[in-house]
Amino acid sequence: MHRLLRRQLRRLFGDSPTVPEQWQGFVDAVDQAYEQFDEDRNLLERSLDLSSQELMGATTENARLLEETQQARDDAEEANRTKSQFLANMSHELRTPLNAIIGYSEMLQEDAADLENAEFEEDLERINGAGKHLLGLINDVLDISKIEAGAMDIYLETFPIEPMVQDVATTMQTLVEKNSNTLEIDCPDSVGSIHADTTKIRQCLFNLLSNASKFTEQGTISLTVSRDTEDGREWISFAVGDTGIGMTEEQMGRLFEAFAQAEASTRRNYGGTGLGLAITRHFCEMMGGTVLVESEAGKGSKFTMKLPAIVNESLGTTAAD
Ligand SMILES: Nc1ncnc2c1ncn2[C@@H]1O[C@H](COP(=O)(O)OP(=O)(O)OP(=O)(O)O)[C@@H](O)[C@H]1O
Ligand SMILES: [Mg+2]
């Protein structure tokens with residue numbers, strides 16, 4: 001008889017229980033139920049035991065996988081930092097001789113002009129142009145590797161927007177006219193000043209305006225600056241529009257990634273390395289802003305940089321630092 005049943009009977013009928021006959025059938029049934037219960041419980045315990053062992057195994061496996069993933073991520077980040085450091089060093093080494101090539105070719109150009117040697121002058125101009133182009137590429141590679149290595153600083157200062165925009169427009173004029181385009185500037189006095197990194201904003205505007213000039217022919221390029229309030233903060237928008245080749249939705253997908261161009265044929269037809277927009281977006285984000293793009297294939301594009309009118313001090317170093 002099951003020990004629990006025996007205990008119950010003892011409680012009911014005294015120490016040496018004699019079960020009344022009419023109860024016997026019922027007692028046997030209860031005894032069987034107790035046995036069955038024990039058996040079921042054992043079974044349950046065994047399967048619980050097995051499940052918890054499996055669970056422990058799975059947890060250990062998960063922990064191992066997590067550790068492996070973290071290690072792989074650390075390795076990848078370290079490799080990326082090493083690559084960026086290497087590129088930063090290399091770019092620096094390349095810039096020094098290139099500046100010499102650019103400087104000397106300019107001096108020789110002047111000499112050739114004095115000697116009225118037109119043939120030399122043309123060749124020297126080509127050397128100078130190629131040197132400047134290469135320097136531009138190296139500067140971009142240096143920028144992107146500095147950004148990726150987390151070594152790009154921003155310097156904040158307050159400056160009036162309109163003179164800066166006019167200055168950028170003057171610098172870009174030759175490039176705009178190269179493809180017979182016209183540049184329209186709309187920067188009302190009311191946009192006032194901005195507290196941000198002036199060099200970086202200029203560089204972003206150069207990138208956007210040079211893209212607009214490159215991908216537009218006999219068209220109009222516009223630079224529209226405005227100030228508005230959103231979520232209780234003031235923002236300055238710099239919108240660069242063009243009436244050029246435009247892009248499809250699909251082509252717009254990866255534009256802001258480093259070395260990405262809309263199509264494989266872009267490099268062949270228009271040159272470039274696909275770094276301009278990646279750098280522009282990084283710079284805007286470093287200042288707490290964004291770059292937005294709207295475009296229609298065959299019609300034109302509009303890139304809008306939106307920056308806080310007062311960039312948060314914690315994001316950069318002030319000019320006085
Ligand atoms: N205004 C535009 N109109 C049409 N396509 C554009 C325009 N601006 C950018 N794109 C597309 O986006 C791509 C990426 O632009 P990005 O400025 O990053 O690179 P890039 O101009 O090709 O090279 P880089 O700027 O490094 O000289 C371009 O190759 C082009 O396909
Ligand atoms: Mg570009």
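Structure's up top.
Residues numbered from 1 in each chain as written. Chains lettered and ligands numbered in written order. Predicted model: local features only at pLDDT ≥ 70, side-chain atom pairs only at ≥ 80, totals over all residues. Heavy atoms only, no water.

K.L.:
Kindly report on helix α8 (residues 276-286), identifying the contributing residues and their values.
P.N.:
Here α8 has its buried residues at G276, L277, A278, I279, T280, F283 and C284. Here the buried face of α8 lies against α3 (118-148), α5 (198-214), β6 (290-296) and β7 (300-308). Following α8 by one or two positions, G288 adopts a phi angle in the positive range, close to 85°. (Buried < 20%, exposed > 50% of the residue type's maximum accessible area, 1.4 Å probe, protein only. Helix = DSSP H or I, 4+ residues; strand = E, 2+ residues; numbered from the N terminus. Contact = heavy atoms within 4.5 Å.)

K.L.:
Describe the site of ligand 1, naming the residues involved and giving the relevant values.
P.N.:
Not every one of the 21 residues close to ligand 1 is listed here, only the nearest: N211, D242, Q261, L275 and L277. G274 places a polar main-chain atom, nitrogen or oxygen, 2.9 Å from an oxygen atom of ligand 1. The separation between an oxygen atom of ligand 1 and a polar main-chain atom of G276 is 3.2 Å. If ligand 1 stood free it would expose 590 Å²; the protein chains cover 94% of that surface. The biggest single contributor to the shell around ligand 1 is α5, with 3 residues. Residue composition of the shell around ligand 1, by class: 10 nonpolar, 9 polar and 2 charged. (Near = heavy atom within 4 Å. Polar contact = N/O pair within 3.5 Å; in protein donor to acceptor, adjacent residues only side chain to side chain. Areas by Shrake-Rupley, 256 points an atom, 1.4 Å probe, with all protein chains shown as cover. Nonpolar A, V, L, I, M, F, W, Y, C, P; charged D, E, K, R; others polar.)

K.L.:
Outline the environment of G232, listing residues and values.
P.N.:
Within the fold, G232 resides in the loop between β4 (220-230) and β5 (233-242). Taking C-alpha positions, G232 is 34 Å from M247, a pair spaced 15 residues apart along the chain.

K.L.:
I'd like a rundown of unusual backbone geometry, residues and numbers included.
P.N.:
One non-glycine residue with positive phi stands out, namely S180, at about 55°. Given a relative accessible area of 47%, S180 falls into the partly exposed group. One non-glycine residue, F259, lies in the positive phi region at around 65°. As for its placement among the helices and strands, F259 is situated in the loop between α6 (249-252) and α7 (264-270).

By themselves these figures say nothing about function.
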